Amino acid sequence: MILTVKKFEINYKRNDLYQVGIFGEKLSHSLSPVFQNVAFKYCQIPALYEVWEFSKDELHERVNLLRKPNSLGANVTIPYKELAYDMVDDLDETAKQIGAINTIVNNSGKLKGYNTDVSGFIRSLKEIASFDPTGKNVLILGAGGAARAAIFGLVNEKVNSITVANRTVDRAVKLINDFGVDQEIFSILSVYDEKISEISLRADLIINATSVGMKHSSMEFESLLSPDQIPANCVVYDIVYNPLITPLLKNAQEAGAEIIQGLWMLIFQGVDSFELWTGKSAPVQNMYQKAMEHFKSLG
Ligand code: ATR
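These figures come from a predicted structure and were not determined experimentally.

## Regarding the overall build of the chain
Stage number 1. Secondary structure summary: the chain contains 12 helices and 12 strands in total.
Stage number 2. Here the C-alpha radius of gyration of the chain, 19 Å, is about what a compact globule of 299 residues would show, namely 19 Å.
Stage number 3. Expressed along its principal axes, the backbone C-alpha trace of the chain runs to roughly 60 × 40 × 35 Å.

Put into structure tokens, the structure is as follows:
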């Protein structure tokens, strides 16, 4: 981190335009350039965040291009998070644990991989809801990639228990088998099991990591939990960010619970990436505001 700061101070006078961007396959709707470019501007860093769409066979070459002196690194998204993991020189501990990276930092030609989906998720809980996960009981709906990142973060924070409720129970079993230690903290059930109320009413934190409630999906107007299944003293986090207030979040508000919008997970993974690339504090509120404006302009 300190090295990165130094690099900036030395090179800043040369008025180079630093390059950074996102690697992925279908990126036309990516919000990352919107809020990252605002952050660079706010911090007066001469960098441009671009969208880099390409196919799998180009990934290796693209990763190597990140070693150039004017490159800060990149974000990596679906479907390259696991592949890029094998192409960097060094890995941060969390990235090693989860086996996937979403951020690459160029440190004088050496590339280090990080997973800010995990760190950003935990940071959003702490900074948006002042929620300290240690010792807490968590219910997660879903067992895909988003659930996996959330669970890695929560296990590292030493939560008391995690119940994974998924439509396909086998997928939840497979997911928790990836966690070598702490198996006793996990339980699993079907997301449609009646017993879900018992668990949800005892939860300190409920996370929706399914696509239920997502705009333009067949479940757009659905919530996996009704207001009477949500305790007033819990935090409800919906990883779906379109719409900003999902049916689950509406139900949580009706129950009197605190809510965290999915947009925060997206913003905070970006906040952590920005800070790794630049060594500077990210202007979180500006990034969020800009993302919201952009989002609303889409209708
Ligand atoms: P992501 O990487 O965003 O987590 P994913 O891996 O496709 O995306 O996971 C989507 C999650 O939403 C899964 O948990 C999926 O359940 P299954 O594992 O049973 O497929 C869940 N999901 C999607 N549609 C759903 C529905 N109609 N009802 C309940 N769960 C649903």
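Moving on from the coordinates now.
## Thoughts on the site of the ligand
Stage number 1. In the vicinity of the ligand lie 15 residues, with A143, N166, R167, T168 and R171 positioned nearest.
Stage number 2. A143 is positioned such that a nitrogen or oxygen atom in its backbone is 2.9 Å from an oxygen atom of the ligand.
Stage number 3. Here A146 contributes a backbone N or O atom positioned 3.1 Å from an oxygen atom of the ligand.
Stage number 4. Relative to its unbound accessible surface of 640 Å², the ligand loses 72% to contact with the protein.
Stage number 5. Split by residue class, the shell around the ligand holds 6 nonpolar, 7 polar and 2 charged.

## Some details on the side chain of N251
Stage number 1. Tracing the backbone through its elements, the reader meets N251 in helix α10 (residues 247-255).
Stage number 2. Overall, the relative accessible area of 16% leaves N251 in the buried class.
Stage number 3. The contacts of N251, once residues within four sequence positions are left out, are S223, L225, S226, P227 and I230.

## Considering the pattern of salt bridges
Stage number 1. Under the definition given, this model contains 10 salt bridges.
Stage number 2. The partner of D89 in a salt bridge is R67, with the nearest N and O atoms 2.7 Å apart. Placement of D89 in the loop between α4 (81-85) and β4 (90-91) and of R67 in the loop between α3 (59-65) and β3 (71-76) is noted, with a sequence separation of 22 residues between them.
Stage number 3. For R67, a relative accessible area of 26% gives the class partly exposed.
Stage number 4. Ionic pairing is found between R148 and D178, a salt bridge with its closest N-O pair at 2.4 Å. Here the residue R148 occupies a position in helix α7 (residues 145-156), and D178 occupies one in the loop between α8 (169-177) and β9 (186-190), the gap between them amounting to 30 residues.
Stage number 5. On the basis of relative accessible area, R148 is assigned to the partly exposed category, the value being 22%.

## Considerations on unusual backbone geometry
Stage number 1. In the segment running from I78 into P79, the intervening peptide bond is cis, with an omega of 10 degrees.
Stage number 2. Within the secondary structure, P79 is located in the loop between β3 and α4.
Stage number 3. In this structure, P243 follows N242 across a cis peptide bond, with omega equal to 10 degrees.
Stage number 4. Examined against the element boundaries, P243 turns out to sit in the loop between β11 (235-238) and α10.
Stage number 5. Although it is not a glycine, Q44 adopts a positive phi angle of roughly 55 degrees.
Stage number 6. Summarising the element assignment, Q44 is placed in the loop between α2 (32-42) and β2 (47-53).

## A closer look at the confidence of the model for the chain
Stage number 1. Residue-level pLDDT values for the chain average 93, and 95% of them are 70 or greater.
Stage number 2. pLDDT under 50 marks residues 1-14. Its contacts with residues more than four places away, or in other chains, come to 25 contacts.

## Re helix α11 (residues 263-278)
Stage number 1. If you check α11, its first and last C-alpha atoms are 22 Å apart, about what 16 residues at 1.5 Å a residue would give, namely 22 Å.
Stage number 2. Counting buried positions along α11 yields 16 of 16 residues, so the element is predominantly enclosed.
Stage number 3. Once α11 ends, the next one or two residues include G279, with phi positive near 75 degrees.

## Quick look at the nonpolar core
For soluble globular proteins, the rule of thumb is that nonpolar side chains tend to be buried together.
Stage number 1. Membership of the largest hydrophobic core comes to 66 residues, with the highest contact counts inside it found for F121, I140, L154 and I162.
Stage number 2. Of the residues forming this core, the biggest block, 10 residues, is contributed by α11.
Stage number 3. Not counting residues up to four positions away in its chain, the partners in contact with L154 are F121, I122, L125, P133, V138, I140, V159, I162, L205 and I207.
Stage number 4. Judged by nonpolar contacts, the second largest core, of 20 residues, contains L189, L225, V236 and L249.

## Side note on the environment of S223
Stage number 1. Here S223 lies in the loop between β10 (205-208) and β11.
Stage number 2. With near-sequence residues (within four places) excluded, S223 lies in contact with V212, P247, L248 and N251.
Stage number 3. Here the side chain of S223 touches L225 through a polar contact of 2.6 Å, landing on its backbone oxygen.
Stage number 4. Of the polar contacts made by the side chain of S223, one reaches the side chain of N251; its length is 3.4 Å.

## Overview of the sheet that holds β11
Stage number 1. Taken together, the 6 strands give an open sheet; going across it, the order is β9-β8-β7-β10-β11-β12, and neighbouring strands pair in parallel fashion. Two strands in the sheet have a free side with no partner beyond their single neighbour: β9 and β12 (258-260). Adjacent strand axes in the sheet meet at a mean angle of 20 degrees, parallel and antiparallel pairs treated alike.
Stage number 2. Sheet topology places strand β7 (residues 137-141) next to β10; 4 bridges connect them, and they run parallel. The partner of V138 across the bridge, within β10, is L205.

Rules used throughout
Residues numbered from 1 in each chain as written. Predicted model: local features only at pLDDT ≥ 70, side-chain atom pairs only at ≥ 80, totals over all residues. Heavy atoms only, no water. Helix = DSSP H or I, 4+ residues; strand = E, 2+ residues; numbered from the N terminus. Rg over C-alpha atoms; globule rule 2.2 N^0.38 Å. Near = heavy atom within 4 Å. Polar contact = N/O pair within 3.5 Å; in protein donor to acceptor, adjacent residues only side chain to side chain. Areas by Shrake-Rupley, 256 points an atom, 1.4 Å probe, with all protein chains shown as cover. Nonpolar A, V, L, I, M, F, W, Y, C, P; charged D, E, K, R; others polar. Buried < 20%, exposed > 50% of the residue type's maximum accessible area, 1.4 Å probe, protein only. Contact = heavy atoms within 4.5 Å. Salt bridge = Lys/Arg side-chain N within 4 Å of Asp/Glu carboxyl O. pLDDT = per-residue confidence, 0-100. Expected span 1.5 Å × (residues − 1). Core = buried A, V, L, I, M, F, W, Y, C linked by side-chain atoms within 4.5 Å. Pairing = 2+ DSSP bridges. Axes fitted to C-alpha atoms, helices over the stretch in contact; angles between N-to-C directions.

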